[in-house]
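What follows is the residue order along each chain.
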Amino acid sequence: MRNGGLILSAILALYSSSAIVSAGRPREYVEKPDQEGQYFRLGACPDPHACILPPDMSQFLPGAYFDLRVELHDYDKEAANAKDSAPPVFFDNFKTQVRRNHGPWKDIDHFFGAETPALENWHYNWTHSIDSRFNGAPKIDVSVNSRIWRKLKFDKPGVYDVSVQYGPKSGYTVRYNVIEPKRPKHKAKNVILFIADGCNVGMIAAARSLSRKHTSGKYHNLLNFEKFDHLGHVITNSVDAIVTDSANSASAYSTGHKSSASALGVYADSSETPFDDPKVELITELIRRRQPGKAIGIVSTAAGEDATPAAFYVHTRDRNEMAAILDQLVHGVANWTDPVIPDVWLAGGAEYFKGEMAQDGTNYYDILEDLDYKIVSNKKELNKYHGSKKLIGTFRKSHLDTWFERNIFVNNTVGNEAGPNLDGKDALGADQPGLDDMTLKALEVLKKRGGDDGFFLMAEGASVDKKLHTLDFPRALADLLEVDVTIKKTVEWLKKNGEFEDTLILFTADHAHGFDVYGSVNQQYVATHRTDAQMRSAVGLYEYSGWPGYKDEDGDGFPDNWLPDVVLASGSNNGPDHFESWKISHDSPREPAVEAHGKYIANVHDAAGKDGKGIEWHGNIPVTEAVDSHTMTDVFIYANGPGSEYFSKTHENWELFYGMTQAMDIQKP
């Protein structure tokens, strides 16, 4: 039997045209808090049938572009258990209206001077419960009718309501805020945004203990970014979940909008394709329109198509569409602003530039040469370049190797066949540039290209996150220290080149992990004892935590000995089954869990887990997950330079966009 909700939906569909005409004013705005639950029909859609994207409480700059999608959903909640349930119907008629500052309602086409877009319809399956995700229970069939208005903008500050009516007494209204542009007290000619992906405050404390001398418990010096003028907190949750991923968290920084997991520069709709979702304008696109002389740089130790760097030049719902992401680097997307085409792009991800993994087999190097880019593929070529052309560097397939593999365990890169020319040769660790090499070269080129208009640079230490996922804490900490050393060298470069006083420098993370240090551990004792109780007795707590034996005698910012007898007792608050002995995996990065019969079990060949003889650590996440998860913990933001005072309090992640745009003075159309 069909339930009452479906019958009502059918009636509404039959009478929707006359109902809308007679409905009069749209429904008044009512703020609806987020609902309890895990498996929502679609993120940020509290109405039982209507969705409007961007969602309620979105904020915009005057003149910033966005798409607006309205979806009407029909479904039968009983259908998940009723074989004879009829399919849901489509809402084939609905009306969308807009008003400003509580004024008269206007049809959306008239309000924006737009043509009525075509009516779209599709079905999708709603994973509505734990059982429907994991245990084979049926999913709910949802019918969708939708329209999307492309490349809209609000020209004036104010409060805007958008309402959709789909029945005599059925409708949904969202409210937007378009801010009054703010001018900076001291304009930042340049902005540098450093992101240590996945870093939390526990990682900072650990990195400090690894690399800084102390006497009587007092540190001789702090980390370089800890000397910045201002410190704040950033709330990282997404639009529809308390824990975010790197895509929509970085996208919040680049757009001023929260979104959903995997989404970049868009709000995630329910359609099948990941390329038609409603877009919002990126900070880099805004720079190209409002300060076209300013140079733009993107630097990452990940693949350049990975989530964080892609957030500054891409629009897609699916961060895994790597080939299409690379295509957007040069071609952008249709019916939108011009592509960002950054002045500098330095990262990994060479496999998408040509060959079988490139979109349609395109050779993007040919296109980049036509766009007057200088192309480099290793550390030597990068350091040798001193020109003023736009610069592209792809230094290996996939992500660059960690600091360990580039500086200590370089033999681990022998045989990787990751050479950027895709010729089967290795991308040796010694041939890959570090974050400091790429950042300093980017600064050199950006200064030349931006001139008096300055530059915007995003530089990411990506393997902080990637190695926290695999509980490879020494490697994660080394990559965090690489970010710190890069910040030190950046400050020195800025001062030497007369740019320091005009540069806003930010250091933050896009989200956190559950990492922390709870004492010290004598890892040699763990290595020579067998029982669980004996090994656990090597962990020193409180007064017995003492001091680990790390030392940085040469002052390069990294410990000279990464494995003293006494090390940090560290761990994550979540993760898969694994073994722990606080060793370093010398022959390769750590793999704590392996797949067996559809689930992940502790890896008995994990060197950091004493090859299955370390302390047995029982997992606390689904057995289908191989690595630890991000957490909802707030992250830090350190700020220095013009506009830095904005960041000295607790902000939501999307608000960082407004701090940066205010500092650069690009909020006004």
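In what follows, the accompanying structure is described. (Residues numbered from 1 in each chain as written. Predicted model: local features only at pLDDT ≥ 70, side-chain atom pairs only at ≥ 80, totals over all residues. Heavy atoms only, no water.)

Moving on, we come to a nonpolar patch on the surface. A surface patch of nonpolar side chains, about 270 Å² in accessible area, is lined by I242, V243 and M632. When you line up the elements, M632 lands in the loop between β28 (630–631) and β29 (635–640). (Patch = residues over 30% accessible without salt bridge, like charges linked within 9 Å, V, L, I, M, F, W, Y side chains within 5 Å. Areas by Shrake-Rupley, 256 points an atom, 1.4 Å probe, with all protein chains shown as cover. Salt bridge = Lys/Arg side-chain N within 4 Å of Asp/Glu carboxyl O. Helix = DSSP H or I, 4+ residues; strand = E, 2+ residues; numbered from the N terminus.)

Attention now goes to the pattern of salt bridges. Applying the stated rule across the entire model yields 38 salt bridges. D665 serves as the salt-bridge partner of R183, at 2.8 Å between the closest nitrogen and oxygen. Here D665 lies in the segment after α18 (655–664) and R183 lies in the loop between β9 (170–178) and β10 (190–196), a separation of 482 residues in the sequence. Beyond isolated ion pairs, a larger network of salt bridges with shared partners links R69, E120, D269, D276, D277 and R317.

What follows deals with unusual backbone geometry. Each neighbour pair has its own omega, and for L53 with P54 the value is 5 degrees, a cis peptide bond. Within the secondary structure layout, P54 lies in the loop between β1 (50–53) and β2 (59–60). Although it is not a glycine, M57 sits at a positive phi angle of roughly 70 degrees. Judged by its relative accessible area of 59%, M57 is exposed. One non-glycine residue, H102, lies in positive phi territory at about 65 degrees. Position of H102 among the secondary structure elements: in the loop between β4 (95–100) and β5 (106–107). (Buried < 20%, exposed > 50% of the residue type's maximum accessible area, 1.4 Å probe, protein only.)

In this section: the environment of V70. Counting through the fold element by element, V70 comes out in strand β3 (residues 66–75). On the basis of relative accessible area, V70 is assigned to the buried category, the value being 0%. In contact with V70, other than residues within four places in its own chain, are C51, I52, F94, T96, N145, S146, R147, W149 and V164. (Contact = heavy atoms within 4.5 Å.)

With that out of the way, let us pick up the side chain of R319. With respect to the secondary-structure elements, R319 resides in the loop between α8 (307–310) and α9 (322–331). Exposure remark for R319: the relative accessible area of 18% places this residue in the buried category. Among the polar contacts made by the side chain of R319, one reaches the side chain of D245 at a distance of 3.2 Å. Discounting residues that sit within four places of it in the chain, R319 has contacts with D245, S246, A247, S262, L264, E305, D306, A307 and I325. (Polar contact = N/O pair within 3.5 Å; in protein donor to acceptor, adjacent residues only side chain to side chain.)

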